[in-house]
Amino acid sequence: MSVANWKRIVIKVGSALIAPNQNGCSSHYLLGIAQFIVKCRTMGIEVVLVSSGSVAAGSHLFEQEGEINMATKKAMAAAGQSEMMATWDRLFDFPTAQILVTHGDLRDRERYVSIKETIFSLLDNGILPILNENDTVTTDKLKVGDNDNLSAMISTAADADTLIICSDVDGLYDSNPHENPEAKLLSVVNDINPQIYAMAGGATSAVGTGGMKTKIQAAEKAVAHGIDTYIINGFTEQSFNSLMSGNNPGTHFSPDKQPMQEHLHWMTHTSTAQGEVVVDNAFTAELDDDSEQLTSEEIVAVNGDFAVGDTILVRKDDGTKLAKAKSNYSSCLLSFIADQDDKAFASKLQNTTGPIISDNNIALLEE
Ligand SMILES: Nc1ncnc2c1ncn2[C@@H]1O[C@H](COP(=O)(O)OP(=O)(O)O)[C@@H](O)[C@H]1O
Ligand SMILES: N[C@@H](CCC(=O)OP(=O)(O)O)C(=O)O
C-alpha cells in the first residue's frame, strides 16, 4: 500500500532525530518530518505521531558523571518531554495533544480501549496525537521499554494501515552498517524469520534504545495486523519525498495476507499473560475449533493469580506454548475445579459455569 491509499498512518520518530547533539531539542530534522505530516493531513490522511527523545532532550539539564542512574533518567524524561512537545507544537499550525502510556496501560483491556477512544476523538477533531512512554512512572514490570514496540501497539490500537519508523539509518541492513561498511540494505522483507532477527544488532548511538532488533519486533507485531511497515532514514527529506511519490526509501515489511482480528492481536502482541493453565502433554484438542474441549480434567496445573477476563497462557506440561486466551474463570475457581477428585462434580460445576475459554477469545501461538 502506498501514499495514495493511506487512510491512517503512525509515524515513529527516534531520539537521534529529536536531540541530535544531546544539547536539548533541535527542529533541524523535525522540520522535514513535520512537513511530511502536514502534506499527509492535507491529503486527508490521519496521522498519529509516536515520538521518542524525552530523555535525550532533557539530558543537557543534568550534571552527568559516569553511569546515569534510573531516577536521573526519569527526571531527564520529565524535563525533556515538555521541551519536546513544545518543539513539535511550534512546527504545526493545528493543535497537538500529548498521550503518555505504559505497558501497564496497554495490557489492561479497559485502559487500552480508553487510549484507543482518545486517539480517535483527537483525530476526529483534527488534533495530532503525540505519544511516548510515560518513562517517569514506569518500573521494569510496567514498561514497554522501547518506542518501536510501542509504535506497533499504537498502530494496532489506532487501526492504522501504515507504520513508518524514522531512524538514523536507511533501513534494515544484513548487518549493522555502522560496524560493517559492506552491509547491504534490504528493501523488502516478506517473512520475518530468525534469519532476519539474526541480522539485527542493538543501538550504537548514545541516545537510541533497542537498535534494529526492536524495530523488527515492531514490524512483526504490525504486519500481523495487516499494517504495512517501513523503516526509513529520518535524517533526509529525500525519504519523505520518496514516500510521497509512492516509492520505498528504506525497508518495507509486507503485511500479512490474513491479518489477526484486533482483540486476538491485542491478546497475542500487547497483553501479558497473568497466569497459565498447564494441560497434559497428550492434549490434542484443536483449541480454535472448539475450545470448550478444554475441560478441568485436562488441566495439570493452574499457575499464577488471575481474575475472570484476564489473559492467560495455555501450555503443555513439557513447556510447549499452545495459546493465549481470555479466561472465563479466576485462577482460584479453576484450581478448585481442577483439584476435584470427584470428576462428575467438577464436570457438573463446569457445565454450570460455562467454558473455561470461549472460542472467539483464543489466539493460537506458533512455537
Ligand atoms: N542490521 C542493522 N541494520 C541497520 N541498523 C542496525 C542493524 N543492526 C544494528 N543497527 C543499529 O540500529 C541503529 C538504529 O536503532 P536506534 O539507535 O535504536 O535508533 P532510533 O533512535 O531511531 O530508535 C542504527 O543506527 C544501527 O547502529
Ligand atoms: N521513551 C524514551 C524513548 C525510548 C526509545 O525507544 O528511544 P528510541 O530508540 O530513540 O526510539 C524517550 O522518550 O526518551
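Residues numbered from 1 in each chain as written. Chains lettered and ligands numbered in written order. Predicted model: local features only at pLDDT ≥ 70, side-chain atom pairs only at ≥ 80, totals over all residues. Heavy atoms only, no water.

- An unreviewed UniProt entry lists the protein chain under the name Glutamate 5-kinase, with Brumicola blandensis given as the organism.

## Quick look at the site of ligand 1
- Looking at ligand 1, there are 26 residues lining it, with Ser-167, Asp-168, Gly-201, Thr-204 and Lys-215 nearest.
- Between ligand 1 and the protein, one listed contact pairs an oxygen atom with a side-chain N or O atom of Asn-176 at 3.3 Å.
- Note that a nitrogen atom of ligand 1 is positioned 2.8 Å from one of the backbone N or O atoms of Met-199.
- Elements with a contribution of two residues or more to the shell around ligand 1: strand 5 (162-167) and helix 9 (211-224).
- Here the shell around ligand 1 gets three residues from one element, more than from any other, and that element is helix 9.
- Partitioning the shell around ligand 1 into residue classes produces nine nonpolar, 14 polar and three charged. (Near = heavy atom within 4 Å. Polar contact = N/O pair within 3.5 Å; in protein donor to acceptor, adjacent residues only side chain to side chain. Helix = DSSP H or I, 4+ residues; strand = E, 2+ residues; numbered from the N terminus. Nonpolar A, V, L, I, M, F, W, Y, C, P; charged D, E, K, R; others polar.)

## Overview of unusual backbone geometry
- Unlike most non-glycine residues, Asp-159 shows phi in positive territory, near 55 degrees.
- Of note, Asp-159 is situated in the loop between helix 7 (147-157) and strand 5.

## Structural notes on a nonpolar patch on the surface
- A contiguous nonpolar patch, built from Leu-333, Phe-336 and Phe-345 and spanning about 240 Å² of accessible area, is present on the exposed surface.
- Here Phe-345 shows up in helix 13 (residues 343-353). (Patch = residues over 30% accessible without salt bridge, like charges linked within 9 Å, V, L, I, M, F, W, Y side chains within 5 Å. Areas by Shrake-Rupley, 256 points an atom, 1.4 Å probe, with all protein chains shown as cover. Salt bridge = Lys/Arg side-chain N within 4 Å of Asp/Glu carboxyl O.)

## Points about the site of ligand 2
- Around ligand 2 lies a shell of 13 residues, among which Lys-12, Ser-15, Ser-52, Asp-135 and Thr-209 are the nearest.
- In the environment of ligand 2, an oxygen atom lies 2.5 Å from a nitrogen or oxygen atom belonging to the side chain of Lys-12.
- The backbone of Gly-53 places a nitrogen or oxygen atom 3.1 Å from an oxygen atom of ligand 2.
- Relative to its unbound accessible area of 380 Å², ligand 2 is 94% covered by the protein chains.
- Partitioned by chemical class, the residues of the shell around ligand 2 number one nonpolar, nine polar and three charged.

## Quick notes on the packing of helix 7 against helix 9
- Running from N to C, helix 7 and helix 9 cross one another at 10 degrees; their axes reach a closest spacing of 8 Å. The orientation of helix 7 with respect to helix 9, classified from their angle, is roughly parallel. Of helix 9, the residues touching helix 7 (which contributes Asp-148, Asn-149, Ala-152 and Met-153) are Gly-211, Thr-214, Lys-215, Gln-217, Ala-218, Lys-221 and Ala-222.
- Partitioning the contact of helix 7 with helix 9 into residue classes produces four nonpolar, four polar and three charged. (Axes fitted to C-alpha atoms, helices over the stretch in contact; angles between N-to-C directions. Parallel < 35°, antiparallel > 145°, perpendicular 65-115°, else oblique. Contact = heavy atoms within 4.5 Å.)

## A look at the packing of aromatic side chains
- On inspection of all chains with the given rule, the structure shows six aromatic pairs.
- Between Tyr-112 and Trp-266 the ring centres are 5.9 Å apart and the planes differ by 45 degrees, which places this aromatic pair in the tilted class. Taken as a pair, Tyr-112 in helix 6 (residues 109-124) and Trp-266 in helix 11 (residues 262-269) lie far apart in primary sequence, 154 residues in all. Comparing Tyr-112 with Trp-266, the two get one shared label, buried.
- Each member of the aromatic cluster is reached from another via a ring pair, and the members are Trp-6, Phe-36 and Phe-240.
- If you follow Arg-41 out to its NZ or CZ, it ends over the ring of Phe-94, 3.5 Å from the centre.
- Positioned above the aromatic ring of Trp-266, the side-chain terminus of Arg-109 is 5.0 Å from the ring centre. (Phe/Tyr/Trp six-rings, centres within 6.5 Å; stacked < 30°, edge-to-face > 60°. Buried < 20%, exposed > 50% of the residue type's maximum accessible area, 1.4 Å probe, protein only. Lys NZ or Arg CZ within 6 Å of the ring centre and 35° of its normal.)

## Let's talk about the sheet that holds strand 10 (residues 299-304)
- Pairing is mixed across the open sheet formed by five strands, whose spatial order is 10-9-11-12-13. The outermost strands of the open sheet, each flanked by one partner alone, are strand 10 and strand 13 (362-364). For this sheet the average axis-to-axis angle between neighbouring strands, irrespective of direction, equals 20 degrees.
- With respect to the sheet, helix 11 is in contact with strand 11 (311-316), strand 12 (321-326) and strand 13, its orientation differing from that of strand 12 by roughly 120 degrees.
- Across the sheet, helix 12 (residues 331-338) lies against strand 9 (275-279) and strand 10, angled at about 155 degrees from strand 10, the strand it touches most. (Pairing = 2+ DSSP bridges.)

## What about the side chain of Glu-276?
- Relative to the helices and strands, Glu-276 resides in strand 9.
- For Glu-276, the side chain forms a polar contact with the side chain of Arg-315, separated by 2.9 Å.
- When sequence neighbours within four positions are dropped, the list of residues in contact with Glu-276 reads Ala-301, Val-302, Asn-303, Phe-306, Leu-313 and Arg-315.

## Section: the UniProt feature "binding site: substrate" (unreviewed entry) in the protein chain
- Within the UniProt annotation, "binding site: substrate" (unreviewed entry) is assigned to Ser-52, Asp-135 and Asn-147. Across 96 residues of sequence, these annotated residues stay compact in space, with a maximum C-alpha separation of 10.9 Å.
- By the element assignment, Ser-52 lies in the loop between strand 2 (46-51) and helix 3 (54-58).
- If near-sequence neighbours (up to four positions away) are discounted, Ser-52 is found in contact with Lys-12, Val-13, Gly-14, Ser-15, Ile-18, Met-84, Asn-132 and Asn-147.
- The residue Asp-135 is located in the loop between strand 4 (128-133) and helix 7 in this model. (UniProt positions renumbered as here; feature names shortened; annotations may be inferred.)

## What about the sheet that holds strand 3 (residues 96-101)?
- Pairing within the open sheet is mixed, and its eight strands lie in the order 3-4-2-1-5-7-8-6. Every other strand in the sheet has two partners, leaving strand 3 and strand 6 (188-189) as the edge strands with one partner each.
- Where strand 1 (residues 8-13) meets strand 2, six bridges bridge the pair, whose relative direction is parallel. Counted as the bridge partner of Lys-12 is Val-50 from strand 2.
- Sitting on the sheet, helix 2 (residues 30-42) touches strand 1, strand 2, strand 4 and strand 5, and the angle it makes with strand 1 is about 175 degrees.
- Across the sheet, helix 4 (residues 70-90) is in contact with strand 1, strand 2, strand 3 and strand 4; its angle to strand 3 comes to roughly 150 degrees.

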